[in-house]
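Residue-level structure breakdown
Chain by chain, the residues run as shown.
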Amino acid sequence: MTSAFSIDCDVHPTVPKMAALLPYLPDMWRDTVVRRGVEELVTISYPTTNPLSFRADWRDETGKAGTSVEKLAAEALDPFGSRFAILNCLYGVQALFSEDMGAAFAQALNDWIVQEWLDRDPRLRASIVVPTQNPERAVDEINRCAADKRFVQVLLLVGGEIPLGRRQNWPIFAAAQKHGLPIGIHAGSTYRHPVTPVGWPTYYTEDYVNQAPGFQSQLTNLMSEGVFAKFPDLTVVLMESGVSWLPAYLWRLTKFWKGLRSEIPWVSDPPASIVRDRVRLTLQPFDGPPDEGGIMRLMEHFGSDEMLLFSTDYPHWQFEGQGAMPEGFDPALTRKIMAENPLRTYPRLNETAAQAAMGRP
Ligand code: ZN
């Protein structure tokens, strides 16, 4: 580690079992869970037994990992020297078909995060889980949670029912912008549609690889619908999306914008420059070249050294040993990725940390 400290922009607390959430659910939904025998809200495509789901030596006796604040602190915060870590809880809330049930579980999950995680380690921050089934309920949840400054972002999944930039989702963006919260789009799907644009794939490998094209589709949609123009102070963070696809994608998007910009006149600047200003990407799983020369050429193609944000993606495991920060980034860029870029991206991370990262007393 060449940075004084790091800010981990993507870690995943794991709900150990449904019973952990029951105290945070309203009576009606607690009774419903018991009556229906609901055991877990998980998607079948990311089974916890998959090696990519949890690093082997981080699993507890149940086979899961990241199930307690003590384990997360010992395995992710301390080893990587994280001053802050942003919790992104993926628990299938968005996949529920009932809008009311989705809203109840989002609220329970956020309250569980506050009491079981944020209140128990001062280094932890979190993204707000929202019931995307209903944008009005999502806005209510953003407004409710935003009063707690430890919530630093709004969490959405890359694969949902409709493209994220569609106008009916704009109240979510308005609420996020009002509270100074970036929109964090994480890999994952509600499986309303195939994860590929050509139909349902067969293998987990296909599902995982096809997350990155999904991010391209969402970014194109956010751009074309005018989200970046309508919400000038909104930052979008792409999480667990890979990074190496971005330059070629931006060349393509900008090329076709040149020919078709008359139909989307609100995109008044080249899309590549808008993305460089407004979009950030978490680092892991890093899919760039392994050597220093290759990495620095990739960064030249990015055209910006402010876009990448350090992440471990704990307890998922995408790197060797403790090597969450790939070799090959020069020391100045490493420092930006690990601390300075996250601090600029998330206004709610405190001033003291900002001063420390900039080398000021
Ligand atoms: Zn992640």
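For clarity, every value in this text was computed on a predicted model and none was experimentally measured.

Before going further, it helps to spend a moment on the sheet that holds strand β3 (residues 124-129). Pairing is parallel in the open sheet, where 8 strands are placed in the order β1-β2-β3-β4-β5-β6-β7-β8. Of all strands in the sheet, those with a lone pairing partner are β1 (6-11) and β8 (308-309), marking the two edges. Relative to strand β5 (residues 183-189), strand β4 (residues 151-159) is paired through 5 bridges, and the arrangement is parallel. The residue bridging Leu156 from the neighbouring strand is Ile185, located in β5.

Here the structure, examined in full by the defined rule, presents 7 aromatic pairs. Considering the side-chain rings of Trp58 and Tyr314, the 4.7 Å spacing of their centres and the 55° angle between planes classify their relative orientation as tilted. In this pair, Trp58 is assigned in the loop between α1 (27-36) and α2 (69-80) and Tyr314 in the loop between β8 and α12 (331-345), connecting sequence segments 256 residues apart. Between the aromatic rings of Phe286 and Phe329, the centroid separation amounts to 5.6 Å while the plane-to-plane angle is 65°, which identifies the pairing as edge-to-face. Of the two residues, Phe286 sits in the loop between β7 (279-282) and α11 (292-302) while Phe329 sits in the loop between β8 and α12, which places them 43 residues apart along the sequence. Side by side, Phe286 and Phe329 carry an identical accessibility label, which is buried. By the ring-pair criterion, three or more aromatic residues cluster together here, those being Trp170, Phe173 and Phe231.

Below, the discussion takes up the coordination of the zinc ion. Distances from the zinc ion to its protein donors, Asp10 (OD), His12 (NE2), His186 (NE2), Glu240 (OE) and Asp313 (OD), fall at 2.1 to 2.2 Å. Written as a sequence motif, the donor arrangement for the zinc ion is D-x1-H-x173-H-x53-E-x72-D. One end of the pair, His12, is in the loop between β1 and α1; the other, His186, is in strand β5, with 174 residues separating them in the sequence. Across the pair, exposure class does not vary: His12 and His186 are buried alike.

Analysis parameters
- Residues numbered from 1 in each chain as written.
- Predicted model: local features only at pLDDT ≥ 70, side-chain atom pairs only at ≥ 80, totals over all residues.
- Heavy atoms only, no water.
- Pairing = 2+ DSSP bridges.
- Helix = DSSP H or I, 4+ residues; strand = E, 2+ residues; numbered from the N terminus.
- Phe/Tyr/Trp six-rings, centres within 6.5 Å; stacked < 30°, edge-to-face > 60°.
- Buried < 20%, exposed > 50% of the residue type's maximum accessible area, 1.4 Å probe, protein only.
- Donors = N, O, S within 2.8 Å, 3.2 Å for Na, K, Ca; no water.

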